[in-house]
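Survey of secondary and tertiary structure
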Amino acid sequence: MEHRIVEKPAFRLAGVIARVPMQFEGENPAIAELAQSITPAQRIELHRLQDMEPKRVVNASWNSDTDFQEEAGALTHLIGVPTTATEVGEGLELVEIPALTWAVFPSDGPHPQTMQQTTARIYAEWLSEAPWELDGFRMFSFSDIRDDGTAYSEIWVPVSRM
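So, a few notes on the structure that sits alongside this text.

What counts, and at which threshold
Residues numbered from 1 in each chain as written. Predicted model: local features only at pLDDT ≥ 70, side-chain atom pairs only at ≥ 80, totals over all residues. Heavy atoms only, no water. Helix = DSSP H or I, 4+ residues; strand = E, 2+ residues; numbered from the N terminus. Rg over C-alpha atoms; globule rule 2.2 N^0.38 Å. Buried < 20%, exposed > 50% of the residue type's maximum accessible area, 1.4 Å probe, protein only. Areas by Shrake-Rupley, 256 points an atom, 1.4 Å probe, with all protein chains shown as cover. Contact = heavy atoms within 4.5 Å. Pairing = 2+ DSSP bridges. Expected span 1.5 Å × (residues − 1). Core = buried A, V, L, I, M, F, W, Y, C linked by side-chain atoms within 4.5 Å. Salt bridge = Lys/Arg side-chain N within 4 Å of Asp/Glu carboxyl O. Phe/Tyr/Trp six-rings, centres within 6.5 Å; stacked < 30°, edge-to-face > 60°.

**Quick notes on the overall build of the chain**
Looking only at helices and strands, the chain features three helices and nine strands. Counted from the first residue to the last, the chain has its helices and strands arranged as β-β-α-α-β-β-β-β-α-β-β-β. Taken against the 2.2 N^0.38 rule, which gives 15 Å for 162 residues, the C-alpha radius of gyration of the chain at 15 Å falls within 12% of a compact globule. Each of the three principal axes of the chain carries a C-alpha extent, and together these read 45 × 35 × 30 Å. In the chain, which comprises 162 residues, the proportion classed as buried is 46%. Looking at the chain as shown, the accessible area adds up to about 8600 Å², and 50% of this sits on carbon and sulfur atoms.

Put into C-alpha coordinates, the structure is as follows:
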(Lines give C-alpha, C1' and ligand atoms only; values in the text may rest on other atoms or scores of the structure.)
Protein backbone atom coordinates (compact mmCIF):
# COMPACT_ATOMS: atom_id res chain seq x y z
CA MET A 1 0.00 0.00 0.00
CA GLU A 2 1.17 3.49 -0.75
CA HIS A 3 2.32 5.22 2.43
CA ARG A 4 5.03 7.36 3.94
CA ILE A 5 6.53 7.33 7.43
CA VAL A 6 6.57 10.62 9.35
CA GLU A 7 8.32 11.34 12.67
CA LYS A 8 6.27 13.90 14.54
CA PRO A 9 7.17 15.60 17.83
CA ALA A 10 4.60 15.83 20.62
CA PHE A 11 1.64 18.03 19.77
CA ARG A 12 -2.00 18.56 20.65
CA LEU A 13 -5.30 18.22 18.90
CA ALA A 14 -7.71 21.06 19.64
CA GLY A 15 -11.37 20.62 18.84
CA VAL A 16 -14.80 19.37 19.79
CA ILE A 17 -15.10 15.86 21.20
CA ALA A 18 -17.91 13.33 21.59
CA ARG A 19 -18.44 9.60 22.08
CA VAL A 20 -20.03 8.29 18.88
CA PRO A 21 -21.23 4.87 17.68
CA MET A 22 -18.70 2.82 15.71
CA GLN A 23 -19.65 2.82 12.02
CA PHE A 24 -17.42 1.36 9.31
CA GLU A 25 -19.29 2.47 6.17
CA GLY A 26 -21.06 5.63 5.06
CA GLU A 27 -21.42 8.94 6.86
CA ASN A 28 -21.72 8.55 10.61
CA PRO A 29 -24.73 10.71 11.66
CA ALA A 30 -23.24 11.31 15.12
CA ILE A 31 -20.03 12.68 13.60
CA ALA A 32 -22.05 14.83 11.17
CA GLU A 33 -24.00 16.18 14.15
CA LEU A 34 -20.73 16.91 15.98
CA ALA A 35 -19.45 18.83 12.93
CA GLN A 36 -22.66 20.84 12.73
CA SER A 37 -22.34 21.74 16.43
CA ILE A 38 -19.16 23.76 15.82
CA THR A 39 -20.03 27.42 16.27
CA PRO A 40 -18.72 30.27 14.09
CA ALA A 41 -16.60 31.46 17.05
CA GLN A 42 -15.12 27.97 17.45
CA ARG A 43 -14.32 27.84 13.72
CA ILE A 44 -12.41 31.13 14.01
CA GLU A 45 -10.55 29.81 17.07
CA LEU A 46 -9.66 26.53 15.32
CA HIS A 47 -8.27 28.48 12.36
CA ARG A 48 -6.17 30.58 14.77
CA LEU A 49 -4.85 27.45 16.51
CA GLN A 50 -3.90 25.68 13.26
CA ASP A 51 -0.12 26.09 13.40
CA MET A 52 1.41 22.77 12.32
CA GLU A 53 1.22 20.12 9.60
CA PRO A 54 -1.09 18.91 8.41
CA LYS A 55 -2.71 22.35 8.38
CA ARG A 56 -6.18 20.91 7.91
CA VAL A 57 -9.26 20.22 9.94
CA VAL A 58 -8.81 16.64 11.04
CA ASN A 59 -11.00 13.88 12.40
CA ALA A 60 -9.38 11.85 15.15
CA SER A 61 -10.67 8.63 16.68
CA TRP A 62 -9.49 6.66 19.68
CA ASN A 63 -10.71 4.74 22.71
CA SER A 64 -12.79 2.29 20.69
CA ASP A 65 -14.77 -0.26 22.67
CA THR A 66 -13.62 -2.95 20.20
CA ASP A 67 -10.10 -1.66 19.34
CA PHE A 68 -11.52 -0.79 15.91
CA GLN A 69 -11.93 -4.49 15.14
CA GLU A 70 -15.74 -4.69 15.15
CA GLU A 71 -18.55 -2.41 14.08
CA ALA A 72 -19.95 -2.30 17.59
CA GLY A 73 -19.85 -0.07 20.64
CA ALA A 74 -18.53 3.47 20.55
CA LEU A 75 -15.34 5.47 20.15
CA THR A 76 -14.14 8.93 21.10
CA HIS A 77 -14.10 11.29 18.13
CA LEU A 78 -12.57 14.76 17.75
CA ILE A 79 -13.04 17.27 14.96
CA GLY A 80 -10.30 19.87 15.20
CA VAL A 81 -6.78 20.85 14.26
CA PRO A 82 -3.19 19.86 15.14
CA THR A 83 -1.63 22.59 17.28
CA THR A 84 1.20 23.56 19.60
CA ALA A 85 -1.17 25.75 21.66
CA THR A 86 -1.62 25.07 25.36
CA GLU A 87 -4.91 26.95 25.78
CA VAL A 88 -8.05 26.98 23.65
CA GLY A 89 -11.25 28.98 23.44
CA GLU A 90 -14.61 28.16 24.98
CA GLY A 91 -16.18 24.85 24.04
CA LEU A 92 -12.95 23.38 22.65
CA GLU A 93 -10.78 20.71 24.25
CA LEU A 94 -7.10 19.78 23.97
CA VAL A 95 -5.82 16.23 23.57
CA GLU A 96 -2.13 15.58 24.19
CA ILE A 97 -0.38 13.46 21.55
CA PRO A 98 3.13 12.22 22.41
CA ALA A 99 6.01 12.19 19.95
CA LEU A 100 5.25 9.28 17.62
CA THR A 101 6.08 7.71 14.31
CA TRP A 102 3.13 7.91 11.90
CA ALA A 103 2.33 5.81 8.84
CA VAL A 104 0.47 8.15 6.47
CA PHE A 105 -1.80 6.60 3.84
CA PRO A 106 -3.17 8.73 0.98
CA SER A 107 -6.41 7.88 -0.78
CA ASP A 108 -8.28 9.54 -3.62
CA GLY A 109 -11.74 8.72 -4.89
CA PRO A 110 -15.43 8.71 -3.97
CA HIS A 111 -15.92 10.04 -0.44
CA PRO A 112 -16.19 8.58 2.16
CA GLN A 113 -16.02 5.09 0.60
CA THR A 114 -12.42 5.27 -0.67
CA MET A 115 -11.10 6.54 2.66
CA GLN A 116 -13.05 3.89 4.59
CA GLN A 117 -11.78 1.14 2.27
CA THR A 118 -8.20 2.40 2.73
CA THR A 119 -8.64 2.35 6.51
CA ALA A 120 -9.90 -1.24 6.36
CA ARG A 121 -6.93 -2.24 4.18
CA ILE A 122 -4.48 -0.66 6.65
CA TYR A 123 -5.75 -2.94 9.42
CA ALA A 124 -6.46 -6.05 7.31
CA GLU A 125 -3.46 -5.98 4.93
CA TRP A 126 -0.72 -3.48 5.66
CA LEU A 127 -0.32 -4.15 9.39
CA SER A 128 -0.13 -7.89 8.81
CA GLU A 129 2.68 -7.52 6.24
CA ALA A 130 4.66 -4.45 7.36
CA PRO A 131 7.45 -4.44 9.96
CA TRP A 132 5.29 -2.05 12.01
CA GLU A 133 2.68 -2.42 14.72
CA LEU A 134 0.12 -0.02 16.10
CA ASP A 135 1.39 2.39 18.73
CA GLY A 136 -1.94 3.19 20.34
CA PHE A 137 -5.21 3.85 18.58
CA ARG A 138 -5.13 7.64 18.15
CA MET A 139 -5.49 7.78 14.40
CA PHE A 140 -6.50 10.91 12.56
CA SER A 141 -7.45 11.81 9.01
CA PHE A 142 -8.41 14.69 6.80
CA SER A 143 -10.31 14.89 3.55
CA ASP A 144 -10.26 17.59 0.90
CA ILE A 145 -13.72 17.01 -0.56
CA ARG A 146 -14.39 18.14 -4.12
CA ASP A 147 -17.71 19.29 -5.61
CA ASP A 148 -18.04 16.00 -7.53
CA GLY A 149 -18.19 13.92 -4.32
CA THR A 150 -14.60 12.68 -4.53
CA ALA A 151 -11.85 13.56 -2.08
CA TYR A 152 -8.13 13.40 -1.45
CA SER A 153 -7.68 12.02 2.06
CA GLU A 154 -4.83 11.07 4.34
CA ILE A 155 -5.08 8.61 7.21
CA TRP A 156 -2.41 9.02 9.90
CA VAL A 157 -1.83 5.92 12.07
CA PRO A 158 0.70 5.84 14.95
CA VAL A 159 3.14 2.94 14.56
CA SER A 160 6.32 1.53 16.04
CA ARG A 161 8.84 -0.80 14.43
CA MET A 162 8.48 -4.46 15.42
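Text resumes after the structure shown.
**Describing the environment of Ile-155**
With respect to the helices and strands, the residue Ile-155 is situated in strand S9 (residues 150-161). Expressed as a C-alpha distance, the spacing of Ile-155 and Leu-13, which sit 142 residues apart in the sequence, is 15 Å. Among all residues touching Ile-155, those that are not within four sequence positions of it are Ala-103, Val-104, Phe-105, Met-115, Thr-118, Thr-119, Ile-122, Met-139, Phe-140 and Ser-141.

**Digging into the pairing of strand S8 (residues 139-145)**
Judged from the three bridges that link them, strand S3 (residues 58-62) and S8 form a sheet pairing that is antiparallel. Residue Ala-60 lies in a different strand from S8, and its bridge partner there is Phe-140. The sheet contact formed by S8 and S9 spans six bridges and is antiparallel. Bridge pairing in S9 links Ile-145 to Ala-151. In sequence, S8 turns back onto S9 through a hairpin of four residues, with Gly-149 there showing a positive phi of about 85 degrees.

**Some remarks on helix H3 (residues 113-129)**
Between its first and last C-alpha atoms H3 spans 23 Å; for 17 residues at 1.5 Å apiece the expected length is 24 Å, and the two agree. Regarding H3, the residues found buried are Thr-114, Met-115, Gln-116, Thr-118, Thr-119, Ile-122, Tyr-123, Trp-126 and Leu-127. In this fold, the buried residues of H3 make contact with strand S6 (100-110), strand S7 (132-134), S8 and S9.

**Notes on the nonpolar core**
Taken as a class, soluble globular proteins show a tendency for nonpolar side chains to be buried jointly. Counting 16 residues, the largest nonpolar core has Phe-11, Leu-13, Ile-97, Trp-102, Phe-140 and Trp-156 as the members making the most contacts within it. Only strand S2 (11-21), S3, strand S5 (93-97), S6 and S8 provide two or more residues apiece to this core. Apart from residues lying up to four places away in sequence, Ile-97 is in contact with Ala-10, Phe-11, Leu-13, Trp-102 and Arg-138. Judged by nonpolar contacts, the second largest core, of 13 residues, contains Ala-130, Trp-132, Ile-155 and Val-159.

**Quick word on the pattern of salt bridges**
Tallied over the entire structure, the rule returns six salt bridges. The salt bridge partner of Glu-96 is Arg-12, with a shortest N-O separation of 3.0 Å. Of this pair, Glu-96 sits in strand S5 while Arg-12 is found in strand S2, placing the two residues 84 residues apart along the sequence. On the basis of relative accessibility, which here comes to 18%, the residue Arg-12 falls in the buried class. Arg-56 is the partner of Asp-144 in a salt bridge, and the nearest nitrogen-oxygen pair spans 3.0 Å. Of the two residues, Asp-144 sits in strand S8 while Arg-56 sits in the loop between helix H2 (40-49) and S3, which places them 88 residues apart along the sequence.

**Notes on the environment of Pro-40**
Residue placement: Pro-40 occurs in helix H2. Judged by relative accessible area, Pro-40 falls into the exposed class, the value being 63%.

**Quick word on the packing of aromatic side chains**
Any pair of aromatic rings gets described here by the distance separating the centres and the angle formed by the planes. This structure, assessed with the given rule, holds seven aromatic pairs. Centroid distance Trp-102 to Phe-140: 5.1 Å. Interplanar angle 65 degrees. Geometry classified as edge-to-face. Of the two residues, Trp-102 is situated in strand S6 and Phe-140 in strand S8; the sequence distance between them amounts to 38 residues. Assigned by exposure class, Trp-102 and Phe-140 land together as buried. Centroid distance Phe-140 to Trp-156: 5.1 Å. Interplanar angle 20 degrees. Geometry classified as stacked. In this pair, Phe-140 is assigned in strand S8 and Trp-156 in strand S9, connecting sequence segments 16 residues apart.

Geometric values such as these leave the question of function open.
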